[in-house]
Amino acid sequence: MPYRRTLADRLRAMIDAQGPIPVSDYMALANAHYYSTRDPLGAAGDFTTAPEISQMFGELVGLALADVWARAGRPAGVRYVELGPGRGTLAADALRAMRAAGLEPAVHFIETSPILRAAQAGRVPNVCWHDDLATLPEEGPILAVANEFFDALPVRQLVATATGWRERLVALGGDSFLPAAGAPVPDAAIPGHIRHAPPGTVLETSPASVAYVRLLARRVAMQGGAALIVDYGHDRASAGETLQAVRRHEYADPWREPGEADLTAHVDFEALATAAAEAGVRVHGPVGQGDWLARLGIDARTEALARSAPDRGEEVRAGRDRLVLPEQMGRLFRVMGLSAPAWPAPEGFA
Ligand code: SAH
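Residues numbered from 1 in each chain as written. Predicted model: local features only at pLDDT ≥ 70, side-chain atom pairs only at ≥ 80, totals over all residues. Heavy atoms only, no water.

Peer 1: I keep staring at the sheet that holds strand β13 (residues 262-264) and nothing clicks. Help me out?
Peer 2: One key point about sheets: their strands pair by backbone hydrogen bonds, in either a parallel or an antiparallel sense. Reading across from one edge, β12-β11-β13 is the order of the 3 strands in this open sheet, with antiparallel pairing throughout. Strand pairing shows two members of the sheet lacking a second neighbour, β12 (250-252) and β13, which therefore form its edges. Geometrically, the sheet is characterised by an average inter-axis angle of 40 degrees between neighbouring strands, direction not taken into account. Relative to β13, strand β11 (residues 244-247) runs antiparallel, the two being bridged by 3 bridges. Looking across to β13, one finds that Val246 is bridged to Asp262. (Pairing = 2+ DSSP bridges. Helix = DSSP H or I, 4+ residues; strand = E, 2+ residues; numbered from the N terminus. Axes fitted to C-alpha atoms, helices over the stretch in contact; angles between N-to-C directions.)

Peer 1: Even after reading the chapter, I still don't get the site of the ligand, so can you show me in this structure?
Peer 2: As a structural note, the neighbourhood of the ligand is formed by 16 residues, with Thr49, Gly84, Gly86, Glu111 and Asn147 the closest of them. Note that an oxygen atom of the ligand is positioned 2.5 Å from one of the side-chain N or O atoms of Thr49. Between the ligand and the protein, one listed contact pairs an oxygen atom with a side-chain N or O atom of Glu111 at 2.5 Å. In isolation the ligand has 570 Å² of accessible area, and contact with the protein removes 92% of it. (Near = heavy atom within 4 Å. Polar contact = N/O pair within 3.5 Å; in protein donor to acceptor, adjacent residues only side chain to side chain. Areas by Shrake-Rupley, 256 points an atom, 1.4 Å probe, with all protein chains shown as cover.)

Peer 1: Where do I start with the pattern of salt bridges in this structure?
Peer 2: Side chains that carry opposite charge are capable of pairing whenever their charged atoms lie near each other. Counted by the stated rule, this structure contains 19 salt bridges. Measuring nitrogen to oxygen at the nearest pair gives 3.1 Å for the salt bridge that ties Asp93 to Arg96. In this pair, Asp93 and Arg96 both sit in helix α5 (residues 89-100), 3 residues apart, roughly one turn of the helix. With its nearest N and O atoms 3.1 Å apart, the salt bridge here joins Arg247 to Glu257. Remark: Glu257 occurs in the loop between β12 and β13 and Arg247 occurs in strand β11; sequence separation between them is 10 residues. Three or more residues joined by partner-sharing salt bridges are found here, namely Glu59, Asp93, Arg96 and Arg301. (Salt bridge = Lys/Arg side-chain N within 4 Å of Asp/Glu carboxyl O.)

Take a look at the structure:
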């Protein structure tokens, strides 16, 4: 068998030759490798997402988008744009619900993983794939969705030390990798209320996420439409480290075996909202996923589904509970809406 170098081998050689690398580079390289070499979703994989738990999630996303489109006067030439569509389950459920509401948009997926593109092709016909938003056509209103996309984008970490704030780097540490303090960061780059935080305090930002939401918001503002961003995170920026690794449904050490576990960080919705508003859209929420789904009618949908398939009633109700209950996904997961200035506000935020 040929000897294949793992990503860890390559990163080790890189750090050995050039010195420690920024946390954001480590996370970007690890996730690019991770997503391009496997389908990580579901019971047999590493983690499970809302659309994989219940068809109602995608259906209600589709209904919310079809509703805002109907109230905008049913414009033609609409594009459904999904960022990081995973297995395509959310899109399949959302597009079915949209079709029932009289909406059949063109479908555009932003996806870099060849393995997941193949899975998506099996579930959704006539998809146009893109590596990023740059190649998305510039005409036609956009109805966009991103579920658990932003948490996978790289974060930058800064760490407080006895001699001031520093960029956090990834260095070699025996058979593992280790975070280490790098070059000093000017005080002005640190929000005033944490500037004098105790040594060891970590501040995370995600320039990649801010850049992504800015491009998305600019397109929605320019072309018309709305976007729904769903992820775990916080409504207000605060200090603290949230970078985590998940493998086979358990937390793992993010500094070990990069590229073999899903690396994510909590999404800073305040930063996303600020960037989106600056780019010219109206921002709605964020609100808890549980409240949002309740306002869109998940309880009525649960009972209708359970009635139509009584043998699956228990499973349908269990799925609803997992998505909605505050101690499950209902509170940690936030939903934020964006809408073009001339479009109505999407449902579910008030
Ligand atoms: N939305 C899906 C999958 C979430 S997993 C669900 O809810 O089930 C994250 C998804 O984002 C995967 O499809 C992954 O391949 C994709 N992804 C991660 N980083 C990306 C990037 N930089 N550009 C495009 N897609 C990316």
